[in-house]
Amino acid sequence: MSSARPRRLAPEERRRQLVKTGLELLAEHPLDALSTDEVARRAGISRGLLFHYFASKRDYHQAVVRAACTELLDRTAPPPGAGARASLHAMTSGFVDYVREHRQLYLTLVRGASAGDPAVQEVVDETRQELAERVLAFHRHTGHPAPPRLALTARAWTAFAEEAVVSWPTDEPGAREELLDYLESHLLKLIGPAD
């Protein structure tokens with residue numbers, strides 16, 4: 001009887017595996033309950049080897065949160081050359097779809113990170129700022145004069161969108177389309193129409 005040895009992975013491949021495992025666990029547990037022992041067990045490595053790839057538990061948590069936030073930003077990016085309305089729709093539909101597919105993970109990020117590690121909170125704040133920047137870019141694309149406190153409005157809408165998406169009754173017929181219309185129409189009311 002031969003015992004199967006775990007396949008040796010290149011360092012970047014192993015890091016990606018460990019981050020992916022962390023993302024899977026975040027869908028089940030809050031960030032502060034993300035066990036490096038469990039991550040190592042699922043990856044088939046020792047806990048000590050995990051810390052060969054990440055300097056600390058904090059560094060590992062930050063890498064996992066950054067990966068989740070990067071995916072969210074990728075999903076909400078406007079298509080190259082898109083007009084104002086298409087950019088807005090790409091951002092909101094990408095946001096809604098990401099949260100619907102990764103609801104527990106997203107809740108862990110936006111609600112759990114705020115009570116946790118400052119380095120993790122920084123990653124979440126950077127992501128929120130990037131989403132707000134996309135709102136500002138959308139407004140610039142419309143060619144309309146900037147309303148007062150536009151940057152504050154963009155950040156406020158981002159917080160509004162977070163709450164709306166996690167609280168929306170998703171099991172109703174047409175819920176996704178209704179939510180998209182709700183988010184987009186409220187943004188247009190706040191910052192002006194898109195031609």
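Residues numbered from 1 in each chain as written. Predicted model: local features only at pLDDT ≥ 70, side-chain atom pairs only at ≥ 80, totals over all residues. Heavy atoms only, no water.

- As recorded in an unreviewed UniProt entry, the protein goes by TetR family transcriptional regulator and comes from Streptomyces albireticuli.

Quick look at helix α1 (residues 11–26)
Right, on to step 1. Relative to the 22 Å expected for 16 residues at 1.5 Å per residue, α1 spans 22 Å between its end C-alpha atoms, a close match to the ideal helical length.
Right, on to step 2. R14, L18, V19, T21, G22, L23, L25 and L26 are the residues of α1 that are buried. (Helix = DSSP H or I, 4+ residues; strand = E, 2+ residues; numbered from the N terminus. Expected span 1.5 Å × (residues − 1). Buried < 20%, exposed > 50% of the residue type's maximum accessible area, 1.4 Å probe, protein only.)

Focus: helix α9 (residues 175–191)
An α-helical segment advances 3.6 residues per turn. Residues three or four places apart therefore align on the same side.
Right, on to step 1. In this model, α9 (17 residues) spans 24 Å end to end at C-alpha, consistent with the 24 Å of a helix rising 1.5 Å per residue.
Right, on to step 2. Burial in α9 covers these residues: A175, L179, L180, L183, E184, L187, L188 and I191.
Right, on to step 3. Summarising the contacts, the buried residues of α9 are in contact with α5 (84–101), α7 (118–142) and α8 (150–167). (Contact = heavy atoms within 4.5 Å.)

Section: the UniProt feature "DNA-binding region" (unreviewed entry) in the protein
Right, on to step 1. Under the UniProt annotation, the feature "DNA-binding region" (unreviewed entry) is placed at residues 35–54.
Right, on to step 2. In the segment residues 35–54, helix accounts for 75% and strand for 0%; the C-alpha atoms at its two ends are 14 Å apart. (UniProt positions renumbered as here; feature names shortened; annotations may be inferred.)

Notes on the packing of α1 against helix α4 (residues 57–75)
Right, on to step 1. With their axes 9 Å apart at the nearest point, α1 and α4 run at an angle of 80° to one another. Looking at the two axes, α1 sits roughly perpendicular to α4. Every residue of α4 that contacts α1 at L18, V19, T21, G22, L23 and L26 is listed here: Y60, A63, V64, A67 and A68.
Right, on to step 2. Residues that form the contact of α1 with α4 fall into these classes: nine nonpolar, two polar and no charged. (Axes fitted to C-alpha atoms, helices over the stretch in contact; angles between N-to-C directions. Parallel < 35°, antiparallel > 145°, perpendicular 65-115°, else oblique. Nonpolar A, V, L, I, M, F, W, Y, C, P; charged D, E, K, R; others polar.)

Details of the packing of aromatic side chains
Right, on to step 1. All told, the structure shown has four aromatic pairs when counted by the stated rule.
Right, on to step 2. Relative to Y60, the ring of F54 lies with its centre 5.0 Å away and its plane at 75°, an arrangement referred to as edge-to-face.
Right, on to step 3. A network of ring pairs unites the aromatic residues F160, W168 and Y182 as a single cluster. (Phe/Tyr/Trp six-rings, centres within 6.5 Å; stacked < 30°, edge-to-face > 60°.)

A word on the environment of Y106
Right, on to step 1. One can find Y106 in helix α6 (residues 103–112).
Right, on to step 2. Overall, Y106 belongs to the buried group, its relative accessible area being 2%.
Right, on to step 3. Spatially, the C-alpha atom of Y106 lies 9.0 Å from that of C69, the residues being 37 residues apart in sequence.
Right, on to step 4. Discounting residues that sit within four places of it in the chain, Y106 has contacts with L72, F95, Y98, V99, E162 and V166.

Remarks on the pattern of salt bridges
Right, on to step 1. Evaluation of the coordinates by the stated rule reveals 13 salt bridges.
Right, on to step 2. Of the charged contacts in the structure, one is a salt bridge between E126 and R66, with a shortest N-O distance of 3.3 Å. Here E126, found in helix α7, pairs with R66, found in helix α4; they are 60 residues apart in sequence, far enough to count as distant.
Right, on to step 3. By relative accessible area, E126 is classed as partly exposed at 37%.
Right, on to step 4. Assessed through its relative accessible area of 36%, R66 is described here as partly exposed.
Right, on to step 5. With its nearest N and O atoms 2.7 Å apart, the salt bridge here joins R176 to D97. Here R176, found in helix α9, pairs with D97, found in helix α5; they are 79 residues apart in sequence, far enough to count as distant.
Right, on to step 6. Residue classification places R176 among the partly exposed residues on the basis of a relative accessible area of 24%. (Salt bridge = Lys/Arg side-chain N within 4 Å of Asp/Glu carboxyl O.)

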